Amino acid sequence: MGAPNIADIDNVGRFYSLVSRSGDRKTVIVGHHNPDGDCIGCLTGMEAWIESAFGKTGIMIVPDSFPDYLKFMHNTGDILVYSRQKDKVCEAILGADLIICMDFNNLSRTEGMGDLIAASKAPKVLIDHHPSPEPFADLVFSETEVSSASELTWWILMAMPDVSVPFQTKTSLYTGMMTDTNNFCNTVYPSTFLMASQIAEAGVDRERIQMEIMNSFSEDRMRLMGQMLLCNMKMYPELKAAVLILDKKTKDRFNYRDGDSEGFVNLPLKIKEVEISALFTEVDGFIKVSLRSKGAVSVNRLCRQYFNGGGHERASGGRLYMPVDEVADYFEKCLREFLQA
Ligand SMILES: [Mn+2]
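Values in this document were obtained by computation on a predicted structure and should not be read as measured data. (Residues numbered from 1 in each chain as written. Predicted model: local features only at pLDDT ≥ 70, side-chain atom pairs only at ≥ 80, totals over all residues. Heavy atoms only, no water.)

1. Description of the coordination of the manganese ion
1) Next: Of the protein atoms, only Asp38 (OD), Asp103 (OD), His129 (NE2) and Asp180 (OD) coordinate the manganese ion, at distances of 2.1 to 2.4 Å.
2) Next: Read in sequence order, the donor residues for the manganese ion give the motif D-x64-D-x25-H-x50-D. With histidine 129 in the loop between β5 (124-128) and β6 (139-142) and aspartate 180 in helix α6 (residues 167-180), this residue pair connects regions lying 51 residues apart in the sequence. (Donors = N, O, S within 2.8 Å, 3.2 Å for Na, K, Ca; no water. Helix = DSSP H or I, 4+ residues; strand = E, 2+ residues; numbered from the N terminus.)

2. Focus on the domain arrangement of the protein
Quoted interface sizes are often the accessible area lost when the parts come together.
1) Next: Domain assignment breaks the protein into domain 1 (9-214) and domain 2 (219-340).
2) Next: Using only C-alpha atoms to locate each centre, domain 1 and domain 2 end up separated by 27 Å.
3) Next: With 13 residues of domain 1 in contact, the opposing surface of domain 2 contributes 11 residues.
4) Next: The contact between domain 1 and domain 2 buries some 890 Å² in all, and 41% of this surface belongs to carbon and sulfur atoms.
5) Next: Our count for the contact surface shared by domain 1 and domain 2 stands at 2 salt bridges.
6) Next: Between arginine 257 and aspartate 68 there is a salt bridge, with its nearest N and O atoms 3.2 Å apart.
7) Next: Where domain 1 packs against domain 2, one counts 5 residue pairs in polar contact (both at pLDDT 80 or more).
8) Next: Of the residues assigned to the side of domain 1 that touches domain 2, the class counts are 3 nonpolar, 8 polar and 2 charged. (Domains from an automatic or database assignment. Contact = heavy atoms within 4.5 Å. Buried area = accessible area lost by both parts, 1.4 Å probe. Salt bridge = Lys/Arg side-chain N within 4 Å of Asp/Glu carboxyl O. Polar contact = N/O pair within 3.5 Å; in protein donor to acceptor, adjacent residues only side chain to side chain. Nonpolar A, V, L, I, M, F, W, Y, C, P; charged D, E, K, R; others polar.)

3. Brief notes about the sheet that holds strand β10 (residues 286-293)
1) Next: Read across the open sheet, the 6 strands follow the order β7-β8-β9-β10-β12-β11; overall the sheet is mixed. The open sheet has two edge strands, β7 (233-236) and β11 (310-311), and neither has a second partner.
2) Next: In the sheet, β10 pairs with strand β12 (residues 315-320) via 6 bridges, with the strands oriented antiparallel. Residue pairing for β12: leucine 291 is matched across the bridge by serine 316.
3) Next: Strand contacts of helix α9 (residues 219-231): β7, β8 (241-246) and β9 (276-283), with the helix running at about 130° to β8, the strand carrying the most contacts.
4) Next: Strands β9, β10, β11 and β12 of the sheet are contacted by helix α11 (residues 299-306), whose axis makes an angle of about 10° with β12. (Pairing = 2+ DSSP bridges. Axes fitted to C-alpha atoms, helices over the stretch in contact; angles between N-to-C directions.)

4. A few points about the packing of helix α1 (residues 9-21) against helix α2 (residues 37-54)
1) Next: It is the contact of α1 with α2, at a shortest axis distance of 11 Å, that shows an interaxial angle of 70°. What the angle tells us is that α1 and α2 run roughly perpendicular. Judged by residue contacts, Phe15, Tyr16, Val19 and Ser20 of α1 engage Met46, Trp49, Ile50 and Phe54 from α2.
2) Next: Looking at the contact of α1 with α2 residue by residue, the class counts come to 7 nonpolar, 1 polar and no charged. (Parallel < 35°, antiparallel > 145°, perpendicular 65-115°, else oblique.)

5. With respect to the packing of α11 against helix α12 (residues 327-340)
Between two packed helices, what matters for the description is the angle formed by their axes and the separation of those axes.
1) Next: Where α11 meets α12, the closest approach of the two axes is 11 Å, and the angle between their N-to-C directions is 120°. The angle between α11 and α12 falls in the class oblique. Pair α11 / α12 crosses with right-handed handedness. Of the residues in α12, those touching α11 at Arg301, Leu302, Gln305 and Tyr306 are Tyr330, Cys334, Leu335, Glu337 and Phe338.
2) Next: When the residues that make up the contact of α11 with α12 are grouped by side-chain class, the tally is 6 nonpolar, 1 polar and 2 charged. (Left-handed = near helix turned anticlockwise from the far one by under 90°.)

6. So, the environment of tyrosine 330
1) Next: Position of tyrosine 330 relative to the elements: it lies in helix α12.
2) Next: Taking the C-alpha atoms as reference points, tyrosine 330 and tyrosine 306, separated by 24 residues in sequence, lie 9.3 Å from one another.

7. Here's the deal with the nonpolar core
1) Next: If you look at the biggest cluster of nonpolar residues, it comprises 50 residues, and the most contacted ones within it are Phe15, Met46, Ile100, Ile127, Phe141 and Ile156.
2) Next: The biggest single contributor to this core is α2, with 7 residues.
3) Next: Apart from the residues lying within four places of it in its own chain, the contact partners of phenylalanine 15 are Met46, Trp49, Ile100, Val125, Ile127, Leu139, Phe141, Ile156 and Met160.
4) Next: Of all hydrophobic cores here, the second largest spans 25 residues; its members include Ile245, Ile287, Val289 and Phe331. (Core = buried A, V, L, I, M, F, W, Y, C linked by side-chain atoms within 4.5 Å. Buried < 20%, exposed > 50% of the residue type's maximum accessible area, 1.4 Å probe, protein only.)

8. Notes on the side chain of glutamate 151
1) Next: With respect to the helices, strands and loops of the structure, glutamate 151 is situated in helix α5 (residues 149-158).
2) Next: One buried charged side chain, glutamate 151, makes no salt bridge at all; its nearest oppositely charged neighbour is arginine 314, positioned 15 Å away.
3) Next: Within the local environment of glutamate 151, its side chain forms a polar contact with the side chain of tryptophan 155, the two groups lying 3.0 Å apart.
4) Next: Each residue touching glutamate 151, except ones within four places of it in the same chain, is listed here: Val146, Ser191, Thr192 and Met195. (Lys, Arg positive; Asp, Glu negative; His and termini not counted.)

9. A few points about the packing of aromatic side chains
1) Next: Considering all chains together, one arrives at 16 aromatic pairs under this definition.
2) Next: When the centroid spacing of 5.4 Å and the interplanar angle of 85° are considered together, the rings of tryptophan 49 and phenylalanine 54 count as edge-to-face.
3) Next: Looking at tryptophan 49, the relative accessible area reads 1%, which means it is buried.
4) Next: Chaining the aromatic ring pairs together yields one cluster made of Tyr236, Phe280, Tyr306, Phe307, Tyr330, Phe331 and Phe338.
5) Next: Just above the ring of phenylalanine 66 sits the side chain of lysine 71; from NZ or CZ to the centre is 5.6 Å.
6) Next: The ring of tyrosine 256 has lysine 251 lying over it, and the distance from NZ or CZ to the ring centre is 4.9 Å. (Phe/Tyr/Trp six-rings, centres within 6.5 Å; stacked < 30°, edge-to-face > 60°. Lys NZ or Arg CZ within 6 Å of the ring centre and 35° of its normal.)

So, in structure tokens, the structure goes:
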């Protein structure tokens with residue numbers, strides 16, 4: 001079995017020549033709001049490849065900050081964070097002669113940077129695994145039958161005329177794939193194992209990655225998880241659903257930090273009878289929505305219809321604008337309506 005036929009070879013050639021023609025510090029690599037392991041994995045993996053293949057530096061940008069446990073990857077200290085470095089980010093985008101957008105399908109996922117990116121005359125490349133990408137890019141690698149944007153990036157690099165991929169890129173892309181599949185649990189394809197096997201063969205330190213990602217939590221985070229399951233989880237047996245509510249009061253009590261709730265939304269799915277799980281997180285100005293399904297229900301459609309968002313069939317996100325104590329009732333009402341339709 002070979003590599004999946006996902007990266008059109010002409011497009012790979014076009015991508016290679018775009019990157020090779022772009023100047024030093026002129027290739028901007030952009031990730032999404034609430035950057036996760038896949039996002040930081042792609043960005044740092046791509047930047048490390050550009051450095052090694054062309055001897056020049058790319059500029060990595062994310063809309064807001066990312067969790068500490070992702071900081072072991074390549075040059076994460078150089079990633080510009082738009083929410084606190086607006087001037088530097090504007091300067092980078094204005095000066096770009098190539099913009100690579102990774103792991104998102106819609107410019108709104110880059111928050112305030114979307115207009116800047118749209119206005120830039122630089123060619124834009126999209127590398128993503130979410131359905132129905134918005135048509136903003138000049139060159140599109142969009143593939144939903146892969147585990148992650150990191151995996152798609154791997155197959156693009158494997159299809160390159162020069163396939164030498166640096167060690168840091170392998171570490172980053174492996175991490176992105178591992179986190180987006182929830183450690184080889186969800187959306188794993190045969191190509192995913194092939195990628196993992198190729199990277200393992202190259203001697204990447206999987207044990208270290210595993211430690212950094214799975215066993216680096218704070219005591220507060222573990223106790224927060226206990227609190228969420230014991231007191232903040234509501235069950236809806238007749239809807240086969242469960243809801244977790246992470247309000248500000250709970251966050252404060254456990255000294256909440258970015259990334260502490262990573263993976264929480266998957267926990268109720270471990271209950272046999274639960275097929276749909278929701279995590280509602282109170283943040284400044286809105287409620288962040290995460291939805292998961294382990295059955296036939298499309299949380300992508302559910303999210304588009306009622307929660308101002310979307311995503312994958314079994315993993316979606318969105319936003320609500322209402323007080324946190326009304327969210328559970330709203331969810332129940334919407335899900336009931338959705339399942340009856
Ligand atoms: Mn992803």
